[in-house]
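Summary of structural features
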Amino acid sequence: MPDASASPVPPTSPAPPAPPVPHALPVPHALPVPPTPPVPLSALLAREDLALRRIAGPCDPDTVIHWAHTSEMADPYPYLLGGELLLTAGVHVPEEPGPSGDTAGRAETRLADYFDGYVSRIVAAGGAALGFGVAPVHDTVPRALVEACDAHGLPLIEVPPETTFSGVARAVWQLMAQARLAELRRVTEGQQSLAAAAARPDPVPAVLRRLAQRVSGRAVLYGPEGAELAGAGRTPETVAARALAGLAAVVRPGQTQGPTPSSASDTVQGTHLAAYALGGGQGFVLGVAAPRRDPGDHTIASVAAVLLSLLIGEQQSGSGAARSAALVRLLLGAAPETVAPLLGGERWTVVHARPTADGPAPDAVAASALGTALGSALIDAGGDVVRVLVPGDLEPAPQQGWTCGISAPVGPHEWALADTQAARALARARATRTALVRHAERPALADLVPQADADAHARALLAPIAATPALAETLRTWLSLHGSWDRTAVALAVHRNTVRQRVARCATLLGTDLDDADVRMELWFALRER
């Protein structure tokens, strides 16, 4: 039996009808968690404790309800917001006609007209379904109501006498709570997986791949000129792909008149499209195309947009202009020490880094992400090694997915020396399978000998192999790794037999025994001065 809450008395201060809600994305960060997802009507009908039964209207599995509302108003339109399961016991229905000939026929017509207007108003207000409670007012659902619901395409649910309206409403809220919990769990897992992807050596492609997996669609990074820089996931149809590129132009700064939106959405050929402007105002845009749009998808995509903004954005405002000025001055012949103040520091550390896992050379985006993690935008991503010039007051830390060599902090006039130190530290790190190796900063034996004398001694001792740089470098690396053939081969990227041949050649040319500790010490001292 329905509750006593099903009352014909209207509220004292009815709410005005709400305008339709546009299907547009909110501004990023305006909604930290996804809205409560609606409940499929089929899930409510599947509740055996309610014993609800669909008796009219379309059987659409996509029909969802946002809440349950009880009303005995003859015209509930002013009190509906859309998406409701409207529950009624039929108190408002005119008395059904009895079997009295023409009078009964006219009464049936009036009843049919009444239900036709009643159902049409519910549909016009956006009601999702109508639940009709059987007993105590009506023994059965009026046939005219069934016909009206079929005619207007409104699902009609029969509520049995033993099921109360409050029980139906409670079931709706329980299903909504379960759906919300599942959606929040999905969003949390998405955020964690995106953060893990951002920590990979190839962060931008990894974030795009993970986002595409989460939305079961396509994720694209567009450059300032509109070109597709990177993408992951299933490519949508040509029309949808073009529409996504066009949507990216809507949020790109300077492409539209007036304020530029931070996000935009559209639907083309059943594909849901969304575009997000990345931070920094540089014109980078994240585009997402998916076959469906769940409540948490916007939140997940917004997290990806923030991570991508951090990975590719400028670290400091105005740093790009300062770097350009420093480069121009260097090209025009200025000394490094006169250029360094433009870059913001007096002492600097050079970092050499290579991806720990074997694979393709790091791209510019991965190098930029590494520089951001190290605290510098001064990056050289040439070849297999990424070089980063880091302010000396920062302490470079190990980076997940990278093997790093760190120089000692030096002034601008010693940048070349620091570059050599970082290269040697990286070679040692790779040979010893260590995430990070720093150049030794403790006082050395060379500090006890005048530099000119040390240089002269080194030139004289190493003269027999000076004409072949590969021999001197192999000997230096081999000594630094305590005579390990395998580690030296890894550090120099050559075969171990090549190392053996070179070291043997050095011993022959130098005319000395490399198994002698004193000889090794003297050679190491000389090689460090080179």
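Up top you'll find the structure we're talking about.
Residues numbered from 1 in each chain as written. Predicted model: local features only at pLDDT ≥ 70, side-chain atom pairs only at ≥ 80, totals over all residues. Heavy atoms only, no water.

1. Structural notes on the packing of aromatic side chains
Across all of its chains, the model carries four aromatic pairs by this definition. With 5.6 Å between their ring centres and 70 degrees between their planes, Y114 and F115 make a pair best called edge-to-face. Both residues of the pair, Y114 and F115, belong to the buried class. The interplanar angle of 85 degrees and the centroid separation of 6.3 Å between the aromatic rings of W348 and W415 together place this pair among those described as edge-to-face. Highlighted residues: W348 in strand β13 (residues 348-355) and W415 in helix α11 (residues 415-431), separated in sequence by 67 residues. Directly above the ring of Y77 sits R121, whose terminal nitrogen or CZ lies 4.2 Å from the centroid. (Phe/Tyr/Trp six-rings, centres within 6.5 Å; stacked < 30°, edge-to-face > 60°. Buried < 20%, exposed > 50% of the residue type's maximum accessible area, 1.4 Å probe, protein only. Helix = DSSP H or I, 4+ residues; strand = E, 2+ residues; numbered from the N terminus. Lys NZ or Arg CZ within 6 Å of the ring centre and 35° of its normal.)

2. Comments concerning the pattern of salt bridges
Pairing of side chains with opposite charge becomes possible as their charged atoms draw close. One pass over the structure, following the stated rule, counts 13 salt bridges. A salt bridge links R47 to D49; the nearest nitrogen and oxygen atoms lie 3.0 Å apart. When salt bridges that share partners are traced, they join E183, R186 and D297 into one network. (Salt bridge = Lys/Arg side-chain N within 4 Å of Asp/Glu carboxyl O.)

3. Thoughts on helix α3 (residues 143-152)
Looking only at α3, the buried set comprises A144, L145, V146, A148 and C149. Following α3 by one or two positions, G153 has its phi on the positive side, about 70 degrees.

4. Focus on the sheet that holds strand β4 (residues 67-70)
By definition, the strands of a sheet pair up through backbone hydrogen bonds, in either a parallel or an antiparallel sense. Spatially, five strands are ordered β2-β7-β6-β5-β4 in an open sheet, and the strand pairing comes out mixed. Among the strands making up the open sheet, the edge pair consists of β2 (53-56) and β4. Adjacent strand axes in the sheet meet at a mean angle of 30 degrees, parallel and antiparallel pairs treated alike. Bridge count between β2 and strand β7 (residues 156-159): three bridges; the pairing is antiparallel. (Pairing = 2+ DSSP bridges. Axes fitted to C-alpha atoms, helices over the stretch in contact; angles between N-to-C directions.)

5. Let's talk about the sheet that holds strand β11 (residues 271-277)
In space, the five strands of this open sheet follow the order β9-β8-β12-β11-β10, with antiparallel pairing throughout. Of all strands in the sheet, those with a lone pairing partner are β9 (228-233) and β10 (263-268), marking the two edges. Put simply, the sheet's adjacent strands are angled 15 degrees from each other on average, direction ignored. Relative to strand β12 (residues 285-290), β11 is paired through six bridges, and the arrangement is antiparallel. Residue pairing across strands places A274 opposite V288, the latter belonging to β12.

6. Thoughts on a negative patch on the surface
Residues D513, D516, D518 and E522 make up a contiguous surface patch of negative charge. Topologically, E522 is positioned in helix α16 (residues 517-528). The class for E522 is partly exposed, based on a relative accessible area of 36%. (Patch = residues over 30% accessible without salt bridge, like charges linked within 9 Å, V, L, I, M, F, W, Y side chains within 5 Å. Areas by Shrake-Rupley, 256 points an atom, 1.4 Å probe, with all protein chains shown as cover. Lys, Arg positive; Asp, Glu negative; His and termini not counted. Charge placed at Lys NZ, Arg CZ, Asp CG, Glu CD.)

7. Comments concerning unusual backbone geometry
Excluding glycine, residues mostly have negative phi values, and the peptide bonds linking residues are mostly trans. In this model, A135 is joined to P136 through a cis peptide bond whose omega is 5 degrees. Mapping P136 onto the fold places it in the loop between β6 (129-133) and α3. Unusually for a residue other than glycine, S216 sits at a positive phi of about 55 degrees. By the element assignment, S216 lies in the loop between α5 (203-215) and β8 (218-222). Phi is positive for Q269, which is not a glycine, with a value near 50 degrees. Relative to the elements of secondary structure, Q269 occurs in the loop between β10 and β11. With a relative accessible area of 56%, Q269 lands in the exposed category.

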